[in-house]
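# Secondary and tertiary structure notes
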Amino acid sequence: METVNGEGANGSSCLSPPTSAPSPEVIQLDVESDHEANTPNRSVISRPGFGSNGRHISLLANHFKVFVNNPDAIFYQYNVSITSEDNIVIENKVLGRKILDKLYQTYSSELSGKKFAYDGEKSLYTVGPLSKNKYEFTIVLEDSYANRCGSPADDGILSESGKRVKRSLQEKSFKVEISYAKEIPLKPVSLAVQGFEPEKLQDAIRVLDIILRQQAAQRGCLLVRQSFFHDDSRNFSDVGGGVTVCSGFYSSFRSTHGGLSLNMDVSSTMILTPGPVIDFLKSNQNARDARSIDWLKAKKTLKNMRIKTTHSNWTFRITGMSEKPCNQQLFPLRVKKDNGTYDDQTINITVLDYFTKHRKIEVTYSAYLPCIDVGKPNKPTYLPLELCSLVSLQRYTKALSTLQRASVVEKSRQKPQEKMQAITNAMKNYHYDDDPLLSSCGISIEKQLAQVEGRVLEPPKLKVGNGEEFSPSNGRWSFKNKKLYSPTKIEFWAVVNFSTKFDASYLSRELIDCGMNKGIIINRPFSLMEEDPHNRKYGPVVRVEKMFDHILAKFTRAPQFLLCILPEKKNCDLYGPWKKLCLSDHGIPTQCMCPLKVTDQYLTNLLLKINSKLGGINSLLSIEQSSRIPLIHDTPTMIMGMDVSHGSPGRPDLPSIAAIVGSQSWPLISRYKACVRTQSSKVEMIQGLFEPQEDGTDNGMMSELLLEFYRTSNKRKPTQIIVFRDGVSESQFNQVLNYELDQMIKAYQLLGEADAPKFTVIVAQKRHHTKFFRANGPENVPSGTVVDNNVVHPRNYDFYMCTQPGLIGTSRPAHYHVLLDEIGFSPDALQNLILTLSYVSQRGSAATSIVAPVSYAHLAARQMGQFIKFEDLNETASEKDSFTSVGSIPVPKLPKLDEDVEDSMFFC
């Protein structure tokens, strides 16, 4: 045990793998048993106090105070089972709600008129008990709902059998079983306000949220978790490609330091643009007219979308498209006798002739287009395209293009006063107090935004070149007439131009001049390499490889740096292959650019990134430069940022990308090394922190960062580690403390240390719905605003901080949850540290919205995630070491960074 986790056989206390070690099985068992014997199951710490530093400011929050006048009320939960006539379990939420609505209409007397809240799945809730613990009901519904799933139900529909399917309201019956499950008292909500954390608190709040969802469902809204969206064209904004952003509202009850509150916020989601199917297809494919549409692509795109027929107003689900156009697609039509009955004889007729001659419905442009199929796989049912319109409020869940995302941001943006007005109006219009279930448990809600007290912290002073010191103003600063703190010298470099729009020679001259003003000496580029126009016909990987062949032929040694001009801004398909070849295959730092306009500010921002990647420092905190950071300057401290990014929507096959960054060169806190790995898809906990090998070493991410800290910090090991974890929800806090933290401790101990360092673990969240507004002005809250009262957690240690000025739209604060603090920061010291860590990013001249280590981890994950072209996995599956296995699922490995760049800030 001492050999592995103590000082080691040679008495060394340095952070290096032991020279000899027992088998990995023994190491694992010893470390595990030692952990189990000495470390209790960790839980989230309680709030130690409140901060007091800073200028006080009156704020409003989008929380509405909730009064519980009947805290002794008890929710009764009942299990719900719904089966069809043929014993198929009903899992569709919309159909489930229809059945339960019908149940109440039919059998309310048997339920003693008691209202219930149904979650759309397997539970319903009442205030107080029902008269019996078990019920069985038979519910009869007209078969109109089934048409949404593609069942014919109108006499204007054709089936392949040749029968005209007559409009029929065929009835379907369902069996509903309701059985008692458990009681959920409302009392814990009031106890939580007193500082307790009752086990059933979240259960009670979950029931209250289900009541809100049921209200929205009954108003015909689209539900997306706790957000709801009305079918109102005033809330729609087209963003191109057949996609519309729909604005709505988020509402959820929260237990806070100031009592129970209703958190209400403006929300948005993507939907298919409602209207004629042909208009959707033209927009989706950017086609000038119907003749330009790719119908194979259209068939795949339209599958499972819901449509409404204009001639009959019935709803169907699309199952496919006809092989031939409407004027050629034949089907057998049974001949009708004079007495109105059908003969066994059939005639072949086109879909067009049937609708125009037999139904007297005019069909124009779609006569030459494929038909919509709403039938079954072996029994098509055809509709002319122009008679079909997309139903409103159908969610669009695929990844958006760059232009669509930019449009969504632009059209969802609201100034503080607009957002505040929209929220207060919604609160008044929805009349939550009138809900019979909320009323029966004595719940009433204020209509005014909650008042909170904020504090504006002083920004840290920054140091730049020539010893100049200055204070940022409202979260921003400028490098105009300033030198960088530690500029690099760029002697041997080149420009690579994939774009026909930009003059590479002009750009290089402007960059050299701007660099001179900032203290960076940049020689003339060794070469300006333009892409051969003939290569533009190839795919992105081939184009990049051919350019690199040109580079290798031209250079006798590797350039110090490559500036790459791309033809498209953001998400250019050349970006990933280019970065992979530069960083992984050749170890050459690179900066990509695609300027819309070359300005001094643009070039300055470009140089800040280049300088950081090449080892320079743009600015330092004054207290960092003087090595006087409280609680850090005397004790070797590593600061970490951790993030996991998941595959794009609609691609569940993509692995997740885990990234962690660790600070270098203690006592500095401005330079970081990144370590990035793939892991199982949609897994949030980081799996590669600790990976013991057969030879006694550790191949995990944590040891890589620890060794780099040791190497760059005068061979000092970190005895304090501050971890900022992004992207986890409150339900995962215990996993961070009891899985990820354990993995980090094991990695530390395997490198030769018996005692674990002191950890402070903080979760940083940006995806939440709390916003703050000035009580006495239309502007956003000032940079440095911190809130740790009223709307924070009643017991846990959390606070909100706005570090950016919010020049456009409404500021979104970061929400910090302190899970563990063995270092022992005071609330003021920790809040000031977090503020300063928002000013150390080397990428620009503004405070980051979240601490820089988390921002860096996100950037590293995003950049290296583009190294793999996941759609080509089958081609690389046979390559050695290209895959690893987690359980039984193969996970593609990321290419390893070249040793010349792996310790750099390549992600800047």
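Residues numbered from 1 in each chain as written. Predicted model: local features only at pLDDT ≥ 70, side-chain atom pairs only at ≥ 80, totals over all residues. Heavy atoms only, no water.

When helices and strands are tallied, the protein shows 21 helices and 45 strands. A burial count over the protein gives 54% of its 908 residues as buried. Summarising the internal contacts of the protein: among those between residues at least 6 apart in sequence, 72% fall at separations of at least 24. Of the roughly 40,300 Å² of accessible surface on the protein, 47% is carried by carbon and sulfur atoms. (Helix = DSSP H or I, 4+ residues; strand = E, 2+ residues; numbered from the N terminus. Buried < 20%, exposed > 50% of the residue type's maximum accessible area, 1.4 Å probe, protein only. Contact = heavy atoms within 4.5 Å. Areas by Shrake-Rupley, 256 points an atom, 1.4 Å probe, with all protein chains shown as cover.)

We now examine the packing of aromatic side chains. Inspection of the entire model under this criterion finds 24 aromatic pairs. On the basis of an interplanar angle of 75° and a centroid distance of 6.0 Å, the ring pair of tyrosine 78 and tyrosine 180 is categorised as edge-to-face. With a gap of 102 residues between them, tyrosine 78 in strand S3 (residues 74-84) and tyrosine 180 in strand S9 (residues 171-185) connect regions that are remote in the sequence. The exposure class assigned to tyrosine 78 is buried, which follows from its relative accessible area of 0%. Measuring from centroid to centroid gives 5.5 Å for tyrosine 135 and phenylalanine 137, while their planes differ by 15°, and the two rings are stacked. When sorted by exposure, tyrosine 135 lands in the same class as phenylalanine 137, which is buried. Here a set of aromatic residues connected by ring pairs shows up, and it is made of Phe228, Phe249, Tyr430 and Tyr432. Its end group placed over the ring of phenylalanine 228, arginine 219 keeps NZ or CZ at 5.4 Å from the ring centre. Cation over ring: lysine 482 sits above phenylalanine 470, and NZ or CZ is 4.9 Å from the ring centre. (Phe/Tyr/Trp six-rings, centres within 6.5 Å; stacked < 30°, edge-to-face > 60°. Lys NZ or Arg CZ within 6 Å of the ring centre and 35° of its normal.)

What helix H6 (residues 277-284) keeps buried is the set Val277, Ile278, Phe280 and Leu281. Considered in projection along H6, the buried side chains sweep an arc of 160° and stay on one side of the axis. On its buried face, H6 sits against strand S14 (259-272), strand S15 (275-276), helix H7 (295-302), strand S16 (306-309), strand S21 (370-373) and strand S23 (388-390). Asparagine 286 lies just past H6 and shows a positive phi near 50°. (Arc of directions from axis to C-beta.)

The next point concerns the sheet that holds strand S17 (residues 315-317). Taken together, the 4 strands give an open sheet; going across it, the order is S15-S23-S16-S17, and neighbouring strands pair in antiparallel fashion. Unpaired on one side and paired on the other, S15 and S17 mark the two borders of the sheet. By the bridge criterion, 2 bridges tie S15 to S23 in an arrangement that is antiparallel. Looking at S23, one finds that glycine 275 is bridged to leucine 390. (Pairing = 2+ DSSP bridges.)

Once that is clear, we can look at the pattern of salt bridges. Per the stated rule, a full pass over the model turns up 31 salt bridges. For arginine 543, the salt bridge is made with glutamate 531, and the minimal N-O distance between the two is 2.8 Å. Within this pair, whereas arginine 543 is found in helix H13 (residues 540-554), its partner glutamate 531 is found in the loop between strand S31 (527-530) and H13, the two being separated by 12 residues in sequence. Among the ionic pairs, arginine 711 bridges to aspartate 903, the shortest N-O distance being 3.9 Å. Note that arginine 711 is positioned in helix H17 (residues 701-712) and aspartate 903 in the segment after strand S45 (889-892), a separation of 192 residues in sequence. With relative accessibility at 25%, the residue aspartate 903 sits in the partly exposed group. One network of salt bridges, in which partners are shared, links Lys673, Arg677, Glu691, Glu704, Glu708, Arg711 and Asp903. (Salt bridge = Lys/Arg side-chain N within 4 Å of Asp/Glu carboxyl O.)

In contact at an axis separation of 10 Å, helix H12 (residues 504-518) and helix H15 (residues 600-613) are set at 70° when each is read in the N-to-C sense. Judged by the angle between their axes, H12 and H15 are roughly perpendicular. In contact with Glu510, Leu511, Cys514, Gly515 and Lys518 of H12, H15 contributes Asp600, Leu603, Thr604, Leu606, Leu607 and Ile610. Each residue belonging to the contact of H12 with H15 can be placed in one class, and the counts come to 6 nonpolar, 2 polar and 3 charged. (Axes fitted to C-alpha atoms, helices over the stretch in contact; angles between N-to-C directions. Parallel < 35°, antiparallel > 145°, perpendicular 65-115°, else oblique. Nonpolar A, V, L, I, M, F, W, Y, C, P; charged D, E, K, R; others polar.)

What follows concerns the side chain of lysine 673. Relative to the elements of secondary structure, lysine 673 occurs in strand S37 (residues 672-679). By relative accessible area, lysine 673 is classed as buried at 2%. There is a polar contact of 3.2 Å between the side chain of lysine 673 and the backbone oxygen of glutamate 902. Aside from chain neighbours lying at most four places away, what touches lysine 673 is Ile660, Val661, Gly662, Gln664, Glu704, Leu705, Glu708, Glu902 and Asp903. (Polar contact = N/O pair within 3.5 Å; in protein donor to acceptor, adjacent residues only side chain to side chain.)

The subject of this paragraph is the sheet that holds strand S38 (residues 720-726). In spatial order, the strands read S37-S36-S35-S38-S39-S43-S42-S41-S25-S1-S40; together these 11 strands make up an open sheet with mixed pairing. Among the strands making up the open sheet, the edge pair consists of S37 and strand S40 (772-774). Across the sheet, the mean angle from the axis of one strand to that of its neighbour is 30°, orientation sign disregarded. Contacts between H17 and the sheet are confined to strand S35 (637-645), strand S36 (656-663), S37 and S38, with S37 contributing the most and set at about 170° to the helix. Contacts from helix H18 (residues 733-750) reach S35, S38, strand S39 (758-765) and strand S43 (814-821) within the one sheet, and its direction differs from that of S39 by about 135°.

Chain-level statistics for the protein give a pLDDT mean of 86 and a share of 88% at 70 or above. Here residues 1-38 is a poorly scored stretch, pLDDT under 50, and it has 60 contacts once near neighbours within four places are set aside; other chains count. The low-confidence segment residues 870-880 (pLDDT under 50) makes 13 contacts with residues lying over four places distant or belonging to another chain. (pLDDT = per-residue confidence, 0-100.)

Below, the discussion takes up the state of the cysteines. As enumerated under the stated definition, the model contains 0 disulfides in all. Unpaired in this structure, cysteine 371 has its nearest cysteine sulfur neighbour in cysteine 326, at a distance of 4.0 Å. (Disulfide = S-S within 2.5 Å.)

For the pair helix H3 (residues 93-107) and helix H5 (residues 201-218), the least separation of the axes is 12 Å and the interaxial angle reads 90°. Accordingly, the angle class assigned to the pair H3 and H5 is roughly perpendicular. From H3, Lys93, Arg97 and Asp101 reach across to H5, where they touch Arg213, Gln214, Ala217 and Gln218. Class assignment for the residues of the contact of H3 with H5 results in 1 nonpolar, 2 polar and 4 charged.

Let us now look at the nonpolar core. If you look at the biggest cluster of nonpolar residues, it comprises 117 residues, and the most contacted ones within it are Met640, Tyr816 and Phe907. It is H18 that provides the largest number of residues to this core, a total of 9 residues. (Core = buried A, V, L, I, M, F, W, Y, C linked by side-chain atoms within 4.5 Å.)

Of note, the amide linkage connecting tryptophan 666 to proline 667 takes the cis form, showing an omega dihedral of 15°. Tracing the chain through its elements places proline 667 in the loop between S36 and S37. The phi angle at asparagine 481 is positive, at roughly 60°, despite the residue not being glycine. Structurally, the position occupied by asparagine 481 is in the loop between strand S27 (469-470) and strand S28 (489-490). Positive phi, close to 65°, is recorded for leucine 631, a residue that is not glycine. Relative to the helices and strands, leucine 631 resides in the loop between helix H16 (622-625) and S35.

Here we come to the pairing of strand S2 (residues 63-68). One ladder, built from 3 bridges, connects S2 with S14; its direction is antiparallel. Bridge pairing links phenylalanine 64 to leucine 262 in S14.

It is worth spelling out the side chain of histidine 793 at this point. Mapped onto the elements of the fold, histidine 793 is located in the loop between strand S41 (785-787) and strand S42 (797-802). Note on histidine 793: relative accessible area 12%, which makes it buried. Within polar-contact distance, the side chain of histidine 793 engages the backbone nitrogen of arginine 795 at 3.0 Å.

With that settled, consider the environment of asparagine 571. Of note, asparagine 571 is situated in the loop between strand S32 (561-565) and helix H14 (575-586). Separated by 170 residues in the primary sequence, asparagine 571 and serine 401 have C-alpha atoms spaced 8.5 Å apart. Excluding residues within four positions of it along the chain, asparagine 571 makes contact with Thr402 and Arg405.

Every buried residue belonging to H7 is among Ala298, Thr301 and Leu302, and all of these are buried. Considered in projection along H7, the buried side chains sweep an arc of 85° and stay on one side of the axis. Facing away from the buried side of H7, by more than 90 degrees, are the exposed residues Leu296 and Lys300. Along its buried surface, H7 packs onto H6, strand S18 (320-325) and S21. After H7 finishes, the residue asparagine 304 shows a positive phi value of roughly 75°.

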